[in-house]
Amino acid sequence: MIETPPKDRLAIQTAVVPFTDDFIREAIEFEVGRGGQIFFVHNRVESIYSMKEYLEKLVPGLKVIVGHGQMEERELERAMLAFIQREYDVLLATTIIENGIDIPACNTILINHAERFGLSQLYQLRGRVGRSDRLAFCYLLVPSDKILTSDARKRLAAIQEFSDLGAGFRIAAKDLEIRGSGNILGGEQSGQIAAVGFEMYTRLLEETIREMKGERIEEEVETSMNLGVDIYIPKNYIGEENLRMTFYKKIASASTDDRLEEIRNELRDRFGALPQNVENLIRFVQVKRFAQHMGVVSIVREGARAVIKLTAQAKVDPNKLLVLIQEDPHVKFSPNGVLTFPLKVQGPEVIDAIEMTLRGLAA
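Cut-off values and rules
Along each chain, numbering runs from 1 in the same order as the chain's sequence is written. Since the coordinates come from a predicted model, pLDDT governs what is reported: local features require at least 70, and pairs of side-chain atoms require 80 or more to be given and counted, while whole-chain, interface and lining totals use all residues. Where side-chain values are given, they derive from all heavy atoms of the structure, hydrogens and water being excluded. DSSP-based pairing: two strands are paired if at least 2 bridges between them are found. Starting at the N terminus, helices and strands are each numbered in turn, a helix being any DSSP run of H or I of at least four residues and a strand any DSSP run of E of at least two. Between N-to-C directions, angles span 0 to 180 degrees; the directions come from axes that are lines fitted to C-alpha atoms, helices contributing only their stretch in contact. Exposed residues in this analysis have more than 50% of their type's maximum accessible area, buried residues have under 20%, and partly exposed residues fall in between, with area computed by a 1.4 Å probe over protein chains only. Contacts were defined at the residue level, with two residues in contact if any of their heavy atoms lie within 4.5 Å. Definition of a polar contact: a pair of N or O atoms within 3.5 Å, with one able to donate and the other able to accept a hydrogen when the atoms are protein atoms, and with sequence-neighbouring residues admitted only if both atoms are side-chain atoms. In what follows, salt bridge is the name for a side-chain nitrogen of Lys or Arg lying within 4 Å of a carboxyl oxygen of Asp or Glu. Each pair of aromatic rings taken from Phe, Tyr and Trp, with Trp reduced to its six-membered ring, is defined by centres within 6.5 Å and is described as stacked if the planes are under 30 degrees apart, edge-to-face if over 60, and tilted in the remaining cases. Counting as a charge over the ring demands two things of the Lys NZ or Arg CZ atom: a distance within 6 Å of the ring centre and an angle within 35 degrees of the ring normal.

J.: Summarise the sheet that holds strand 3 (residues 64–67); cite the residues concerned and give the values.
T.: Strands pair in a sheet through their backbones, by hydrogen bonds, and they do so in one of two ways: parallel or antiparallel. Strand order in the open sheet made by the six strands is 1-6-5-2-4-3, with parallel pairing throughout. Here the strands that pair on one side only, and so sit at the sheet edges, are strand 1 (13–18) and strand 3. Each neighbouring strand pair of the sheet contributes to a mean axis angle of 20°, computed without reference to strand direction. Strand direction decides the pairing type here: strand 5 (residues 106–111) and strand 6 (residues 137–142), joined by four bridges, are parallel.

J.: Please give an account of the environment of H330 that cites residues and values.
T.: With respect to the helices, strands and loops of the structure, H330 is situated in the loop between helix 11 (318–327) and strand 10 (332–333). The spatial distance from the C-alpha of H330 to the C-alpha of P342 is 6.7 Å, given a sequence separation of 12 residues.

J.: Any details on the environment of A273? Residues and values, ideally.
T.: Within the secondary structure layout, A273 lies in the loop between helix 9 (257–271) and helix 10 (276–294). For A273, a relative accessible area of 67% translates into the label exposed. As for A273 and Y237, which are separated by 36 residues in sequence, their C-alpha atoms are 9.3 Å apart.

J.: Could you give me a rundown of the sheet that holds strand 9 (residues 305–310), with the residues and numbers involved?
T.: Within the open sheet, the five strands sit side by side as 7-8-9-11-10. Their pairing is mixed. One side of each edge strand has no neighbouring strand; the edge strands of this open sheet are strand 7 (224–226) and strand 10. The sheet contact formed by strand 9 and strand 11 (residues 338–342) spans five bridges and is antiparallel. Residue pairing for strand 11: R305 is matched across the bridge by P342. The strands touched by helix 12 (residues 349–361) are strand 8 (296–302), strand 9 and strand 11; relative to strand 8, the strand with the most contacts, the crossing angle is about 140°.

J.: Lay out the side chain of H42 with the relevant residues and their values.
T.: Summarising the element assignment, H42 is placed in the loop between strand 2 (37–41) and helix 2 (48–58). For H42, the side chain forms a polar contact with the side chain of N112, separated by 3.1 Å. When neighbours within four sequence positions are excluded, H42 is seen to be in contact with S47, I48, M51, L92, A93, T94 and N112.

J.: Would you mind going over the pattern of salt bridges in detail, with residue names and values included?
T.: For the coordinates displayed, the defined rule picks out 16 salt bridges. Among the ionic pairs, D257 bridges to R289, the shortest N-O distance being 2.4 Å. One end of the pair, D257, is in helix 9; the other, R289, is in helix 10, and 32 residues separate them in sequence. R283 is the salt-bridge partner of D352, the closest N and O atoms lying 2.5 Å from each other. Here D352 is found in helix 12, whereas its partner R283 is found in helix 10, with 69 residues between them in sequence. Among the ionic contacts, a cluster of salt bridges with common partners joins R283, D352, E355 and R359.

J.: Go over the packing of aromatic side chains with me, naming the residues and quoting the values.
T.: Aromatic ring pairs: the centre-centre distance and the angle between the two ring planes describe each pair. Applying the stated criterion across every chain yields a total of seven aromatic pairs. An angle of 40° between the planes, with centres 5.9 Å apart, marks the rings of F39 and F83 as tilted. Linking F39 in strand 2 with F83 in helix 3 (residues 73–84), this pair joins segments that are 44 residues apart in sequence. The ring of F247 carries K250 above its face, with NZ or CZ at 4.8 Å from the centroid. Its end group placed over the ring of F290, R359 keeps NZ or CZ at 4.1 Å from the ring centre.

J.: Summarise unusual backbone geometry; cite the residues concerned and give the values.
T.: For R86, which is not glycine, the phi torsion reads 65° and is therefore positive. Note on placement: R86 falls in the loop between helix 3 and strand 4 (90–93). Notably, H113 is not glycine yet its phi reads approximately 50°, a positive angle. Within the secondary structure layout, H113 lies in the loop between strand 5 and helix 4 (119–126). Here H113 falls in the partly exposed class, since its relative accessible area comes to 22%.

Encoded structure:
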């Protein structure tokens, strides 16, 4: 992580304030009074010129220029050059200024309807000011007559709290916490990579490289498991959200039993004896990985029985399967590869029972 700011750079003072005439006038007059310029972000093209009239009436003599993405390229270029050359006091713009704008003389930014923006967007917009050794201000304007959603309040609180230099990583982590991280241990992926997923991409890349080398590629099965067992890391065991996420990822990506044992020892050393839920989680991942290696499509617990669906290429010894069926009349195996058998245990012991059955059938 790069956390060292440029020399003489100061943290940007950030505040969430209601949209009022008095406050906006005071903020603009203060910046203009000290010889600076202002960004005013209004992310609605259809009403941006009405906002221009409002600002010019609010502060008589104020010179405002507009910039947005629907303007012709040359017109937008002229507007930006005029602002950079300090012919105007305020650049009234949409989020077109989010990246690539570096104007040291501009050290106040007002963001209208800040509750509509994502946390990363607010962070990028705030970064447009404070690019010199002057103290900069970022004001997040919200309607005074509107009740904000829970997520909007969390985003605004986060951008206000993490105003110190080098806070980018903490803001990204907070954004992940607010939006959620998706189903880490399942087959689904979250966020904008939902169509493929990072893990799937790297796996496809690895398979392609092996194919180009002439190696034989076995098709991998994505195993789903639903055993009705609590598998999670409690907050009273690892209190910090980001740290819990780190260990979820470590456990989910462990490729060997030895690696899982290392993680178990690390948890024990750092946080004490493992709660049953955490032990269940590690065992769950261990059994799931073994089932995937065998060619099991799914394992579902239905009351007092388990249902295992196998692929046609599953690594199952037919003789062992036949013995299992003959020894217990309650064990059923259908032609489409579905094995059903009774569970004589409850709770976390179900995981052990499933593993014992799979290892007893493995070729």
